[in-house]
There are 2 protein chains.
Amino acid sequence: MTASFTPRHPSAATEMEWDAWGTADRRKELGEGVRALLQQALGVDTRRAPSLPETAVRLLPSRLDTRHRHSLERIVGPGHVADDDAARLRHAGGKSTLDLLRRQDPGPQDAPDAVVRPGSHDEVLAVLDYCAAEAIAVVPFGGGTSVVGGLDPVRGGFDTVVAVDLQRMNALTDLDPVSGLATLQAGATGPQAEELLGAHGFSLGHFPQSFRHATVGGFAVTRSSGQASAGYGRFDDMVEHLVVATPSGTVRAGRAPASAAGPDLRQLFLGSEGLFGIVTEVGVRIHPIPAAVARRAWSFPDFATGADALRTLVQTGAVPTVLRLSDESETAVNLAMHEHIGSTAPTGCLAVTTVEGTADHVRARAAEIDALLATTGGTDLGEEPARTWEHGRFDAPHLRDALLRAGALAETLETATTWSNLGRLRTAVTDALTASLQDQGTPPLVLCHISHTYPTGASLYFTVVCAQADDPLTQWSAAKRAATDAIVTAGGTVTHHHAVGRDHRPWMAEEIGTLGTGLLRAVKDAIDPRGILNPGKLLP
Amino acid sequence: MTASFTPRHPSAATEMEWDAWGTADRRKELGEGVRALLQQALGVDTRRAPSLPETAVRLLPSRLDTRHRHSLERIVGPGHVADDDAARLRHAGGKSTLDLLRRQDPGPQDAPDAVVRPGSHDEVLAVLDYCAAEAIAVVPFGGGTSVVGGLDPVRGGFDTVVAVDLQRMNALTDLDPVSGLATLQAGATGPQAEELLGAHGFSLGHFPQSFRHATVGGFAVTRSSGQASAGYGRFDDMVEHLVVATPSGTVRAGRAPASAAGPDLRQLFLGSEGLFGIVTEVGVRIHPIPAAVARRAWSFPDFATGADALRTLVQTGAVPTVLRLSDESETAVNLAMHEHIGSTAPTGCLAVTTVEGTADHVRARAAEIDALLATTGGTDLGEEPARTWEHGRFDAPHLRDALLRAGALAETLETATTWSNLGRLRTAVTDALTASLQDQGTPPLVLCHISHTYPTGASLYFTVVCAQADDPLTQWSAAKRAATDAIVTAGGTVTHHHAVGRDHRPWMAEEIGTLGTGLLRAVKDAIDPRGILNPGKLLP
């Protein structure tokens, strides 16, 4: 296939709200019961003022001068360089709780001086050439879903900073149905990729919580991991090749399904968070739309027993497509949210398994999994709770927005470690979060789940909810610092799939060593000698 | 576990012969029938002179001056710096056919000026420090099994070159049975690693053809792939962390089973072939020694049908531990070697599947595989041919030695590509080898198999046998050049698991682009600013 196919709906239609996750049509509000519970259990003041209207927010004036504006328009075409406040505000940052709290500041807020929307690889190259020559900082922008400050308009010593938004580049440009390979432009969002591939009977199968808005290029440069990672792998596993526009020219990394031709160059760009170039095209592994799906939920008496059961599956090789386990607190809260309180729903820890594929494969694999989980302490809860999880699986960030609006502080963070260290790390992080927020007078609820598993270990994903203090930015920053210190001390990675951005940068030297950061800096200096690309992120 | 366990047999006991693969006790000779066949079918002159005795080989005198010798001895201890000709000759290169032909030159041959055998990470660091300060080139040396010129004693502008042999560093230093993780010193050979892990009930499961001699560190820096790669992954998949001694200090890469904390630094050292440092310690994924094994052989009517069947298995997710398919020529020759000629053994293409694991897992997975292969054109040949393959699976290089001694030219080469391109690439390489050797008056036999599979593609491994021309070095160099040009033109990778070394270096700019090689050069300059590490390899 050589023709280029574009999605039915343009990306602009799913551009997120300036002050919340997602689009307004999916906005959630808390029920009265939940609000009462927040007030009673956590001391949340649910009578907070309504959020700021967009018209009340002032931005610092754009510093893009007319000459630059015209030059950039000559590259990307008129209409594709926006320096109006509405566009700038929508590119002022990502969607962490800190970002959303910052957006509530009447201002003046900082924002990129303009949003540039190239339509092709060559236009991206030309924009980078121009910005390097003219000393303009560039923040690459995909779906805008960063929760680690990866999109902050840091000027890094430059006078002007522009966001380069890839939303026009969302086509499927190649499909190899025999090999199961597709080439997508980097700006295609999760739903656009699934739509384009689905028309040919294929699926990418990458479903992170940011799925509805995040882009293929963003998945690559942040080493994203989706909810079906047990079956289809992390996004970095799926990438067969990358095309990257850099200030030094074009890199094409990845030539075969596997190679021993030196270090794997794809891995320099996977996780590079826009510091080494802008990924414009991603060749990805795809699979036929599953003919069959078997969903099942399980209850385990406690987290340790459930984690051991998951470990048994993965180490045996009886791996489902989706595999997750909520701890006792998360299980209880989820049941409460679905108003199962007082019902006969089991307590303990809820696990979900989903197996996808051909009918025969699903039958064989599900039978193996069911037998193993039954002998490792699991109680079969049937299909329904797994369907319920799947139905709401992209909605948690909308719930966070509702919690923030209701005066609660809510945020997530994540890590990964070996199976033998998992319990210790979970306790260390829970304790650090609890101690920090308790000391600040806002004792939290800390929930945790495993959602990504490997033969040697797993991820841990924490959700924290407490009352907002007077200065919630300082409040959360302190808690996050305590949690990350605890992660590093207890031997976890500072991030399993959220990436580094600005927020995890202070821990990078501990994560990879000063010599390690020096090597990445050497690559940076070689490929972006002026240092225009995404200043202030990733590298200390 | 914190104690350090060392293998029963020291590495020196399995050091390879100076002029052949492996140790003398495994030497093979060709039967009269095979010799007659070589003469008749390929025009091989089987009356060649016997090989050179070691005493007839002269080496260039060692250039290591006494001061350096004493200084290095102070670091690694007396007795661990050898500059005698016997030691130097055994480190003069790897074991490619070109290497073995070069060893037959009465000389004077070039060789490292000394062999230095450090006993710890700190000693390796100190040796590198010293060599960087004194401008001495360093060739890191593991098992000595390179078949791509990765061990050539290239001086690269330096007066002196030493081989740093890791054979003293072969201990198991940590074992985490819950997570399935072990830490091995880099000099442990395949059998040593299996012995050390086996004592605790575990296995690494990495079985390349070089298994008996190659080391864990060598597996890492060449991105080795073993015969059980379908089940246990390539070696680069198995590596959880690496400790690397470099002229700039120690790098420890890898902190968790998976991470999004920037680019994966392990991947800069995996495949780095000793140019960025010397790997001293490797943390690897291990698994319990399989409780059950199911072996089965299959016949397919032709290579295309067989390849499609393998693809179906891998894309369905019904993956065995070992999965291989010989083409028609290789199948016929293997049958001939096992003297099945004239028997009722089926023609076509032989495939082997092996499934390992718990009894239940093996039963479930083997049933799924058997059903799929039966419906994709396979005829079940039972267990015996799979056992025969497994029994001789490390012996092919000994056969190559026997062929060389009998006046034949024999060598292997390999590549990988997508499933949709596999047939085209196989034809292109076969045609290029045939044309080149036919033009030189020595029409070859070209055999091929698939031994490493991925959802999106597979490797191709070629074996070439023909008569030796008067100058076999020039003869094979021309054929190899033609084959590699064909690989690049037909979209394969220049190497799937043999690595780059000196032999594939001329194609690296085409493989990863000039900007790609520039990035690796930037890393090299940052970590080894004097350029002492393995000059003349990998990077153009």
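Please read these numbers as outputs of a predicted model, since none were measured by experiment.

1. Thoughts on the overall build of chain A
What chain A contains, in helices and strands, is 18 helices and 19 strands. Taken against the 2.2 N^0.38 rule, which gives 24 Å for 540 residues, the C-alpha radius of gyration of chain A at 23 Å falls within 12% of a compact globule. Oriented by its inertia axes, the alpha-carbon framework of chain A measures out at about 70 × 60 × 45 Å. Within chain A, the proportion of its 540 residues that are buried is 61%. If you take every contact in chain A between residues at least 6 apart in sequence, the share linking residues at least 24 apart comes to 77%. Total accessible area on chain A stands at roughly 18,800 Å², and carbon and sulfur atoms take up 52% of it. Positive and negative side-chain charges of chain A, numbering 47 and 62 respectively, have mean locations separated by a distance of 2 Å.

2. Digging into the pairing of strand β6 (residues 181–185) of chain B
All names here are of chain B. For β6, the buried fraction is high: five of the five residues fall into the buried class. Neither face of β6 is exposed, since L181, T183 and Q185 on one face and A182 and L184 on the opposite face are all buried. In terms of strand pairing, strand β5 (residues 172–176) meets β6 through four bridges, oriented antiparallel. Opposite D176, over in β6, you have L181 as the bridge partner.

3. Some points on the UniProt feature "domain: FAD-binding PCMH-type" (unreviewed entry) in chain A
Feature annotation in UniProt assigns "domain: FAD-binding PCMH-type" (unreviewed entry) to the following positions: residues 108–289 of chain A. As annotated, residues 108–289 of chain A has a helix share of 23% and a strand share of 27%, and its two end C-alpha atoms lie 48 Å apart.

4. Digging into helix α13 (residues 359–374) of chain B
Here α13 of chain B spans 22 Å end to end across 16 residues, near enough to the 22 Å set by a 1.5 Å rise per residue. Along α13 of chain B, the residues that are buried comprise H361, V362, R365, A366, E368, I369, D370, L372 and L373 of chain B. Buried residues in α13 of chain B make contact with α11 (303–316) and α13 (359–375) of chain A together with β12 (292–300), α11 (303–316) and β14 (349–357) of chain B.

5. Remarks on the side chain of S210 of chain B
All names here are of chain B. By the secondary structure assignment, S210 is in the loop between β7 (202–203) and α7 (216–221). You can call S210 buried: its relative accessible area is 14%. S210 has contacts with W21, T145 and F219, leaving out every residue within four places of it along the chain.

6. What to know about the sheet that holds strand β9 (residues 249–253) of chain B
Residues and elements named next belong to chain B. What the five strands build is an open sheet, ordered β5-β6-β10-β8-β9; its pairing is antiparallel. Pairing within the sheet leaves two strands with one partner each, and these edge strands are β5 and β9. Here the strands of the sheet are splayed against their neighbours by 10 degrees on average, with no regard to which way each runs.

Calculation notes
- Residues numbered from 1 in each chain as written.
- Chains lettered and ligands numbered in written order.
- Predicted model: local features only at pLDDT ≥ 70, side-chain atom pairs only at ≥ 80, totals over all residues.
- Heavy atoms only, no water.
- Helix = DSSP H or I, 4+ residues; strand = E, 2+ residues; numbered from the N terminus.
- Rg over C-alpha atoms; globule rule 2.2 N^0.38 Å.
- Buried < 20%, exposed > 50% of the residue type's maximum accessible area, 1.4 Å probe, protein only.
- Contact = heavy atoms within 4.5 Å.
- Areas by Shrake-Rupley, 256 points an atom, 1.4 Å probe, with all protein chains shown as cover.
- Lys, Arg positive; Asp, Glu negative; His and termini not counted.
- Charge placed at Lys NZ, Arg CZ, Asp CG, Glu CD.
- Pairing = 2+ DSSP bridges.
- UniProt positions renumbered as here; feature names shortened; annotations may be inferred.
- Expected span 1.5 Å × (residues − 1).
- Axes fitted to C-alpha atoms, helices over the stretch in contact; angles between N-to-C directions.

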